[in-house]
Amino acid sequence: MEEILKVKNLFVELEGEKIIEDLSFVVKKGEILTILGPNGSGKTVLLKTLLGLIPFKKGKIVWKDQIKIGYLPQGLTPVKIKSLPLSVKDFFQLKQKNEKEIERVLNLVEIRSQILEKRLGHLSSGQFQRVLVAWVLIDNPDVLIFDEPTTGIDVGGEQTIYSLLYRFWKEKQATVILVTHDLNIVYKYSSNVLCLHKGSLCCYGKPQQILTPQSLEKLYGTEIKFYKHIH
Amino acid sequence: MSQFLLSLICGISIGIIAGYLGSLMLTKRMALIGGPLGHLALPGIALALFYQFNIFLGALLSIGIGAIFIWYLKVKTEISMEALVGLVFASGVALSFLILPIDKAEAALVGDISLITFFDLLLTIIITATLFLLVKKIYSKMILIEISEDLAQVEGVNVKKYNLLYLIAIALIVALEVKLVGGLMTVAMFIIPAASAQNISRNLKQYTRASTIVGSLSAFLGIIISRFTSFSAGPLIITVATLFFILTLIFKR
């Protein structure tokens, strides 16, 4: 498979503090790469650096030419934009999309088009997150970068988001880079797992190899029980 | 052209653009920045009144110097923005009273539409028309920045550039507002129309329209009422806007 992204000896510093140290990895087309690590390990910084939102000190980040990236940042909630009189339709029109395109993508995330007239800040967390996913998917990106896309959503909603993403990934042959703390999701969907510990590569491989009590303890510094489900 | 007509056209133009831009200020949680900017303008207004040169230029000059001063302090020290704003607020007012005795400061503080000249009218129309087009162009990008700066940047929006354009637009309008409502109340012309619009709007189109309408209508009615009463136009414009706000509370969605 062709390489979509190549990261080599990456160093990132924020205000003099080392956040990412000597990180190298490759992402291939169609891969679902999960980035795992405790809070403060540099996951979000890594994603933002890959996106060019944060400058890096040393190393190389090479994306395949002409690649379209869709990004869902962490921590976007309806409460944050409650005061904004912005309807769901307005939100899509910020991207200059017509109704047909909007409808197609709302179908994809299983939301009825009646929602278009509602205010974005008045949606429930689950609906809001689905609208965000739709907003990202509407451009048909080749790569999806999602930073904890299910924070603040209940278990059912979480499952829905991931199965939607999975479906899009399958249909589009997209490449996904995902940060999540949900080990079940990691186990079920990832092709590869990259563990970050204090900004350095702590482990890398298939989820079956990584999600062992030993490596999880090494990563999180405490014993983690993870039960593999048999599907 | 009569003085009344001059001030009426100026007032309406400024009301439109202040309402329009105000709708962005309210959502950008930067609503209060218009206040300190107005106070920054005060020493310049005082100088202009004292030495009898154009108030707009005086205001703009001292806003510019003040903004650079704040920016410098922000970069060089760890003092919070709130504290810097407080510092600027007080020193701006103090400095202007030193330049201009308080019994002569009325025009600087609450505005005086009888000072509006034909040159001001031309200046106002050129600036407001240009800014209207500019704001229209950056509007959706500013909304995206408000939702999430990271998201906007990934969508190719140059956040720093747009924030700077936006600040320049605010500074220009504050400088225009000074003759109309004075240095003390500039912030109200941005905030009150937008807050009223927020009460009654469900989407962006309604919101910007309502804010623009409340802004221009307040200026129009304020100036009309001042012609037939002994009150000055500035406080009347703001009072009318406040009445609109109260009215929208009744129809709040």
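Quick note: structure is the one above.
A short tour of the structure in this document, coming up.

Scoring rules and cut-offs
- Residues numbered from 1 in each chain as written.
- Chains lettered and ligands numbered in written order.
- Predicted model: local features only at pLDDT ≥ 70, side-chain atom pairs only at ≥ 80, totals over all residues.
- Heavy atoms only, no water.
- Salt bridge = Lys/Arg side-chain N within 4 Å of Asp/Glu carboxyl O.
- Helix = DSSP H or I, 4+ residues; strand = E, 2+ residues; numbered from the N terminus.
- Contact = heavy atoms within 4.5 Å.
- Buried area = accessible area lost by both parts, 1.4 Å probe.
- Polar contact = N/O pair within 3.5 Å; in protein donor to acceptor, adjacent residues only side chain to side chain.
- Nonpolar A, V, L, I, M, F, W, Y, C, P; charged D, E, K, R; others polar.
- Buried < 20%, exposed > 50% of the residue type's maximum accessible area, 1.4 Å probe, protein only.
- Phe/Tyr/Trp six-rings, centres within 6.5 Å; stacked < 30°, edge-to-face > 60°.
- Lys NZ or Arg CZ within 6 Å of the ring centre and 35° of its normal.

**Section: the pattern of salt bridges**
With the rule as written, the count across this model stands at 11 salt bridges over all chains. One salt bridge in this structure joins A:Glu13 and A:Lys57, with 3.3 Å as the shortest N-O distance. Placement of the pair is A:Glu13 in strand 1 (residues 3-14) and A:Lys57 in the loop between helix 1 (43-50) and strand 4 (58-63), with a sequence separation of 44 residues. Sharing partners across several salt bridges, the network here consists of A:Lys95, A:Lys97, A:Glu101, A:Asp139 and B:Glu155.

**Thoughts on the interface of chain B and chain A**
In this complex, chain B contributes 19 residues to the contact, which on the side of chain A involves 22 residues. A buried area of about 1900 Å², summed over both sides, lies between chain B and chain A, and 67% of it is on carbon and sulfur atoms. For the chain B face of the interface with chain A, the top three residues by lost area are B:Ile147, B:Leu151 and B:Val154, together amounting to 30%. Inspection of the region where chain B meets chain A yields two salt bridges. Of the charged contacts in the structure, one is a salt bridge between B:Asp150 and A:Lys48, with a shortest N-O distance of 2.9 Å. Run the count over chain B and chain A and you get five residue pairs in polar contact (both at pLDDT 80 or more). Only helix 6 (118-147), helix 7 (149-154) and helix 10 (204-228) of chain B provide two or more residues apiece to the side of chain B that touches chain A. Sort the elements by how many residues they give to the side of chain B that touches chain A and helix 6 of chain B lands first, with five residues. When its residues are assigned to classes, the side of chain B that touches chain A shows seven nonpolar, seven polar and five charged.

**Here we look at the side chain of A:Thr49**
All names here are of chain A. For Thr 49, the location among the structural elements is in helix 1. Given the relative accessible area of 2%, Thr 49 is considered buried. Ignoring sequence-local partners within four residues, the contact set of Thr 49 consists of Leu 10, Val 12, Ile 54, Phe 56 and Ile 61.

**Remarks on the packing of aromatic side chains**
The tally for this structure, following the rule as stated, stands at seven aromatic pairs over all chains. For the ring pair A:Phe91 and A:Trp135, a centre distance of 4.8 Å and an interplane angle of 10 degrees mean the geometry is stacked. Remark: A:Trp135 occurs in helix 4 (residues 125-137) and A:Phe91 occurs in helix 2 (residues 88-93); sequence separation between them is 44 residues. Like A:Phe91, the residue A:Trp135 is buried in the burial classification. Judged by centre distance (5.1 Å) and plane angle (85 degrees), the rings of B:Phe50 and B:Tyr51 are edge-to-face. Judged by relative accessible area, B:Phe50 falls into the partly exposed class, the value being 47%. In this structure, B:Lys161 packs its charged tip against the face of B:Tyr162, placed 5.4 Å from the ring centre. Sitting over the ring of B:Phe4, B:Arg227 keeps its end group 4.5 Å from the ring centre.

Read these as geometric descriptors, not functional statements.
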